[in-house]
Amino acid sequence: MTSSNLHLPFLASGQAQKHISVNESLLRLDALVQMSVVSAAVTAQPASPADGALYVLPAGKTGADWSGMADGALAYYRDGAWEEIAPREGWTAFVRDTDT
């Protein structure tokens, strides 16, 4: 079960390894609170992104991971892997490469 807006995983009573759910929530919060994306126009999946990098995926995106993600989704790089996050209505982000 997850929260309604940010889809943060809840802890279940009696759950083993609770730290995994808590850490997953903290990583999601780190990406989405005060959201700042690298770019909303880059179409080629970066070869060496910084841990924590966040991109808005435009149409025409390419790359082993990005090509399977939805246009307009957020691509979040953490722990050596890309995660797709579906944005919700009302979210705002600062786009660093265009200062917007």
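In the block above lies the structure referred to throughout.
Figured I'd write up the structure that's included with this text. (Residues numbered from 1 in each chain as written. Predicted model: local features only at pLDDT ≥ 70, side-chain atom pairs only at ≥ 80, totals over all residues. Heavy atoms only, no water.)

## Points about the side chain of Arg78
You can see Arg78 is positioned in strand 3 (residues 74-78). In terms of polar contacts, Arg78 uses its side chain to reach the side chain of Glu24, at 2.7 Å. Filtering out sequence-adjacent residues up to four positions away, Arg78 remains in contact with Glu24, Leu27, Asp51, Gly52 and Glu83. (Helix = DSSP H or I, 4+ residues; strand = E, 2+ residues; numbered from the N terminus. Polar contact = N/O pair within 3.5 Å; in protein donor to acceptor, adjacent residues only side chain to side chain. Contact = heavy atoms within 4.5 Å.)

## Thoughts on unusual backbone geometry
Residue Gln17 is not a glycine yet carries a positive backbone phi of 55 degrees. Position of Gln17 among the secondary structure elements: in the segment before helix 1 (18-32). Backbone geometry at Asp79 places phi at a positive 55 degrees, although glycine is not the residue there. Within the secondary structure, Asp79 is located in the loop between strand 3 and strand 4 (81-85).

## Topic: a nonpolar patch on the surface
Taken together, the side chains of Leu11, Val22, Leu26, Leu29 and Val33 present a nonpolar region at the surface, about 390 Å² in accessible area. Within the secondary structure layout, Leu26 lies in helix 1. (Patch = residues over 30% accessible without salt bridge, like charges linked within 9 Å, V, L, I, M, F, W, Y side chains within 5 Å. Areas by Shrake-Rupley, 256 points an atom, 1.4 Å probe, with all protein chains shown as cover. Salt bridge = Lys/Arg side-chain N within 4 Å of Asp/Glu carboxyl O.)

## As for the pairing of strand 3
Most of strand 3 sits out of view: five of its five residues are buried. The alternating pattern of strand 3 places Leu74, Tyr76 and Arg78 on one face and Ala75 and Tyr77 on the opposite face, and all of these are buried. As defined by bridge partners, strand 2 (residues 54-56) adjoins strand 3 across three bridges and the pair is classed as antiparallel. The partner of Leu54 across the bridge, within strand 3, is Tyr76. Two elements, strand 3 and strand 4, share five bridges in a ladder whose sense is antiparallel. Pairing of Arg78 across the sheet is with Ala81, part of strand 4. Between strand 3 and strand 4, which follow one another and run antiparallel, lie two residues, and Asp79 among them has a positive phi close to 55 degrees. (Buried < 20%, exposed > 50% of the residue type's maximum accessible area, 1.4 Å probe, protein only. Pairing = 2+ DSSP bridges.)

## Observations regarding the pattern of salt bridges
Counted under the stated rule, the structure contains five salt bridges. The residue Asp79 makes a salt bridge to Arg78 at a minimum N-O spacing of 3.4 Å. A residue is classified by how much of its surface remains accessible, and Arg78, at 14% relative accessible area, is buried. Each of Glu24, Arg28, Arg78, Asp79 and Glu83 takes part in salt bridges that share partners, so that together they form one network.

## Some words on the environment of Ala59
Mapped onto the fold, Ala59 is located in the loop between strand 2 and strand 3. Accessibility expressed as a relative area gives 56% for Ala59, which makes it exposed. Separated by 56 residues in the primary sequence, Ala59 and Ser3 place their C-alpha atoms 29 Å from one another. Setting aside chain neighbours within four positions, we find Ala59 in contact with Thr43 and Asp71.

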